[in-house]
Amino acid sequence: MPSPPLAGVVGRWSRATLPPLDGRVVVPDNVRAFVLAGLAARCDRPILAVVPGEQEARDLADDLACFTADVAHLPAWETLPFEHVSPNTTTMAARARARHRLATGGPGTIVVAPVRAIVQRVSPSDPAPLEVAVGATIPFDGLIGRLAALGYERTERVEHRGEFAVRGGIVDVYPVGDADPARFDFWGDDVESIRRFDVGSQRSEEPVDAIDVVPAREFRIDETIAVRAAELAGEHPWAQATWDLVSQRIPFAGVESWLPWLVPERTVLDDHEGPLVVFDPVRSLARSRDLVAEERDLAEALAPTWGTGSPGADEAPPLYLDLETRVAGRPALLAPPLAASPDDERVETRPLGATPGDPTELVAALATLRADDIQVVAALDGEAAADRVARVLADEGLALDRLETVDGRESGIVAVGLHRGFVLPAVGVAVLGDQELTGRRRAHRPPGRARATDTSLGYRDLVPGDHVVHHRHGIGRFEGLVTRTIAGTERDYLVIAYAVEDSLYVPTDQLAGIEAYTGGEQPRLSRMGGSDWEKTKGRER
């Protein structure tokens, strides 16, 4: 696996400049990822990093992937308490991966989570994946039983995530966290080959050496849970139908909403004994209190609808548990973004001192940094942006080499974006992104295809031929990236093909209305204009 593009600058940290993993140190928002990467490089156990909000967690994991390879994002369920709907399978897959990494990861592992994911009561079901490799010996019937135990549904033909099918000595499975399904070809109990296959044509494609099949369901009914459900049938007969299903170990849609009744009060924090970093602790604790209060208010509003003999709102076991009591008394780095007093220990940053988009000011500021023996790395979001900034700086007399990765103390430009850059004089490094150099904000997006926790578009993840969904025009095919000058402004555009040879040009900084297509089958291209797409959505409803 190649090193992340900015891995080389992490070595600039020293024990003297890094904050400790216990205590209170001011860490500005824009250096969170770099500080975490430095701490992880010198830590022998996985680090759990907590931030107040969902988007903050995605952004932090996104930026961390530029500095270190072993990063996992632990999302929260997108469902509400008491909502009898199961979380998205890709959300549950991402949670399983992150919890497994937190439990089994070694030096350099970082798991990033929002407060909502941290205070949520967790399932006792094992998040470990099923590992299948070419050449391995796995009892064939045992594999089928294991897939069912992981929550996969047996079907005649695999078309959707969370399904598996058996034909002779072949097992097809669509892992919930993967972009494509996999086909295991057995000879007896030996795995002869593993290939990805196309859902539409069912034809085998490229071979792979191994596959990790993550659990399809986060909450799986075992004997302990079934026994507890039988006990609840006597204690709370108002939900008799639900307790009967669970006691018979019959899964059903929305079973996760009953988790607080069936499992002990335990969170991810209770399972993690390693280093803990809480960013913006004031907001994080406030967010935890808000979640607890919102769930209580929701219970009070819904309790009258639960039926005769149902408990009052204050008797319903909560999904969200208190963060403050779980952080108190344990070693943790509490990292507020701003100092409360002049005596606060802090990671010192300084502004660049140039107007974004002004080549003359930028070159002067960068030249000053280099004169102060500060390593300068420009991290731009995409090849086109990196080439353009390199050309503009060179025209102003400052030549920075284009680099694939940063090694050691070299300055240069890499084609990987950060949400926000920073200047750290004490460490001797400045990493500057689109926001500092061009004034553009980086699009919110996952760092790679493997992250299936949302469908927000990252154009660097696309290859020509991939399908995308525009909120107005519907399903189109990504054709590539072009650079055009319109009204004197040079910008990068995604080219999306539609039916009847229409094309749509979308600026790369305006991708909020586009998502990656996640359907299993080969889609039909929509006609531009919206009416075709509206009819399709109407049929789906």
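To be clear, the structure that these remarks concern was listed above.
Quick notes on the rules
Per chain, residue numbering runs from 1 following the sequence as it is written. The model is predicted, so local features are restricted to residues of pLDDT at least 70 and side-chain atom pairs to those at 80 or more, both for listing and for counting; the totals for chains, interfaces and linings are taken over all residues. Neither water nor hydrogens contribute to the side-chain values; these are computed over all heavy atoms in the structure. Note: two strands are recorded as paired if DSSP finds a minimum of 2 bridges between them. Helix numbering and strand numbering both begin at the N terminus, where a helix is a DSSP run of H or I of at least 4 residues and a strand a DSSP run of E of at least 2. Contacts between residues were defined by any pair of non-hydrogen atoms, one from each residue, lying within 4.5 Å. Lines are fitted to the C-alpha atoms to define the axes, a helix being fitted only along its stretch in contact, and any angle between axes, read from their N-to-C directions, falls within 0 to 180 degrees. Any angle between 65 and 115 degrees counts as roughly perpendicular, while under 35 counts as roughly parallel, over 145 as roughly antiparallel, and the rest as oblique. Here is the rule for handedness: rotate from the far helix to the near one, and if that takes an anticlockwise turn smaller than a right angle the crossing is left-handed, while a clockwise turn gives right-handed. Ten residues, namely Ala, Val, Leu, Ile, Met, Phe, Trp, Tyr, Cys and Pro, are considered nonpolar, four, namely Asp, Glu, Lys and Arg, are considered charged, and the remaining ones, Gly among them, are considered polar. Within this scheme, the nonpolar core is defined by two criteria: the residues are buried Ala, Val, Leu, Ile, Met, Phe, Trp, Tyr or Cys, and they are joined through side-chain atoms within 4.5 Å. Exposure is judged per residue with a 1.4 Å probe applied to protein chains only, and the accessible area is read against the type maximum: over 50% gives exposed, under 20% gives buried, and values in between give partly exposed.

Draft legend 1. Summary view of the pairing of strand β11 (residues 204-207). As defined by bridge partners, strand β10 (residues 190-197) adjoins β11 across two bridges and the pair is classed as antiparallel. The residue of β11 that forms the bridge with Phe197 is Ser204. The hairpin formed by β10 and β11 contains six residues between the paired strands, and Gln202 there has a positive phi angle of roughly 65°.

Draft legend 2. Up close: the sheet that holds β10. If you walk across this open sheet you meet the six strands as β6-β7-β8-β9-β10-β11, and the pairing is mixed. Pairing within the sheet leaves two strands with one partner each, and these edge strands are β6 (153-154) and β11. With four bridges connecting them, strand β7 (residues 163-167) and strand β8 (residues 170-173) associate as antiparallel partners. Within β8, the position partnered with Val166 by the bridge is Val171. Helix-sheet contacts for helix α6 (residues 140-149) involve β6, β7, β8 and β9 (182-187), and the interaxial angle to β7 is about 160°.

Draft legend 3. The packing of helix α2 (residues 32-41) against helix α3 (residues 54-67), seen in detail. Here α2 crosses α3 at 55°, and the two axes come no closer than 9 Å. By the angle between their axes, α2 is oblique relative to α3. Crossing hand, α2 versus α3: right-handed. In this structure, α2 contributes Arg32, Ala33, Phe34, Leu36 and Ala37 to the contact, and α3 contributes Glu56, Leu60, Asp63, Leu64 and Phe67. For the contact of α2 with α3, the residue count by class is seven nonpolar, no polar and three charged.

Draft legend 4. View of the nonpolar core. The biggest cluster of nonpolar side chains holds 48 residues, and the ones touching the most others in it are Leu48 and Leu262. Counting residues per element, this core draws most heavily on helix α7 (residues 223-235), which supplies five residues. Residues contacting Leu262, with those up to four places away along its chain left out, are Phe219, Ile225, Arg228, Ala229, Leu232, Trp243 and Val246. Counting 44 residues, the second largest nonpolar core, distinct from the first, contains Val35, Leu36, Ala40 and Val427.

All quantities given are derived from atomic positions and should not be read as evidence of function.
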